[in-house]
Amino acid sequence: KANPRLRKVMASLTTHLHDFCRENEITVDEYMAGLDLIISAGKWSTEQRNEMLLMTDILGLESLIDEITYTLAGEAADAPTATAILGPFWRKDAPKLKMGDSIVKKDMQGSDHASMHGRILDSETGKPIKNAEIDIWHTGPNGLYEQQDPDQPDMNLRGRFFTGPDGAYELYCLKPTSYPIPNDGPAGKLLGLLDRHPMRPAHIHFIVSAEGYKPLTTQIFDRKDEHIGNDSVFAVKESLVVDFLPKEGDSKAKSDLRYDFKLVGY
Ligand code: DHB
Ligand code: FE
């Protein structure tokens, strides 16, 4: 027996696809050209490179679905931390680090080190959450994630931190850099055909999780970034835009960022 949700969603998808073809009078040649682009995105995809995800992301699908999921969950009331898309570069089993450690394994020219700290809180009670895990990842100053860049050590600029009873976290990372999404493949080709740029504003990714709470997938964005208003994958939300402040008296960092994450209990 067909799953009712699947049946309903597929009927709706079919209706919209048919309407789309009718409305735009799609020809056989256009249809085949579109299929070729999708097939080539499939062929480009590897474990390291999900070209189909890139392709749907530049159409705003992952960000739209994130927004729908977030709104449907009815989370706006207690202002928990907003979610943002996962993107294609998360890796499982990032190194477990101690509070105060740095995720920068290799000195890289071009970005200030930043001290990032704050607390993991219950969005409803405001109480700290202990044993919460913060999984963080970002690119090097060259705009490449570690797995895209042979010059970075394995698991560079990634780490997992675990809070104590005070729910506090403290780590060193780099002040992030804006960069183009991988644009040497079909997604880049499509952006080019549409006269669109591939840039994402400087951001840091997180998955924050704790027992009894809904895992939070999100990103924070540097307010000063020139691309903050036109992210190529539409992930920016106002509450996730942050200000890096100058840091004094810390030989390990020139920038400071305080940020609290507020999780929703089950
Ligand atoms: C995408 C997301 C990212 O965070 C990134 O660094 C590159 C691409 C994306 O949604 O396609
Ligand atoms: Fe990213």
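Residues numbered from 1 in each chain as written. Chains lettered and ligands numbered in written order. Predicted model: local features only at pLDDT ≥ 70, side-chain atom pairs only at ≥ 80, totals over all residues. Heavy atoms only, no water.

### Digging into the site of ligand 1
- Inspection of the region around ligand 1 gives 14 residues, with D57, Y145, Y179, R200 and H205 positioned closest.
- At 3.1 Å from an oxygen atom of ligand 1 is found a side-chain nitrogen or oxygen belonging to Y145.
- The side chain of H205 places a nitrogen or oxygen atom 2.7 Å from an oxygen atom of ligand 1.
- Spatially, ligand 1 is embedded in the largest cavity.
- Every element with two or more residues in the shell around ligand 1 is listed here: α3 (51-57) and β7 (203-209).
- Across the shell around ligand 1, the residue classes break down as eight nonpolar, three polar and three charged. (Near = heavy atom within 4 Å. Polar contact = N/O pair within 3.5 Å; in protein donor to acceptor, adjacent residues only side chain to side chain. 1 Å grid on protein atoms, 1.4 Å probe; cavity = no way out; pocket = protein on both sides within 12 Å on 5 of 7 lines; lining within 4 Å. Sits in = over half its atoms within 2 Å of the grid points. Helix = DSSP H or I, 4+ residues; strand = E, 2+ residues; numbered from the N terminus. Nonpolar A, V, L, I, M, F, W, Y, C, P; charged D, E, K, R; others polar.)

### Let's talk about the sheet that holds strand β9 (residues 241-242)
- As summarised here, the arrangement of the five strands in space is β3-β2-β7-β8-β9, forming an open sheet in which the pairing is mixed. Across the chains shown, the open sheet's two edge strands, defined by having one partner strand only, are β3 (158-162) and β9.
- Here strand β2 (residues 133-137) runs beside β3; their pairing, made up of five bridges, is antiparallel. Within β3, the position partnered with D135 by the bridge is R160. (Pairing = 2+ DSSP bridges.)

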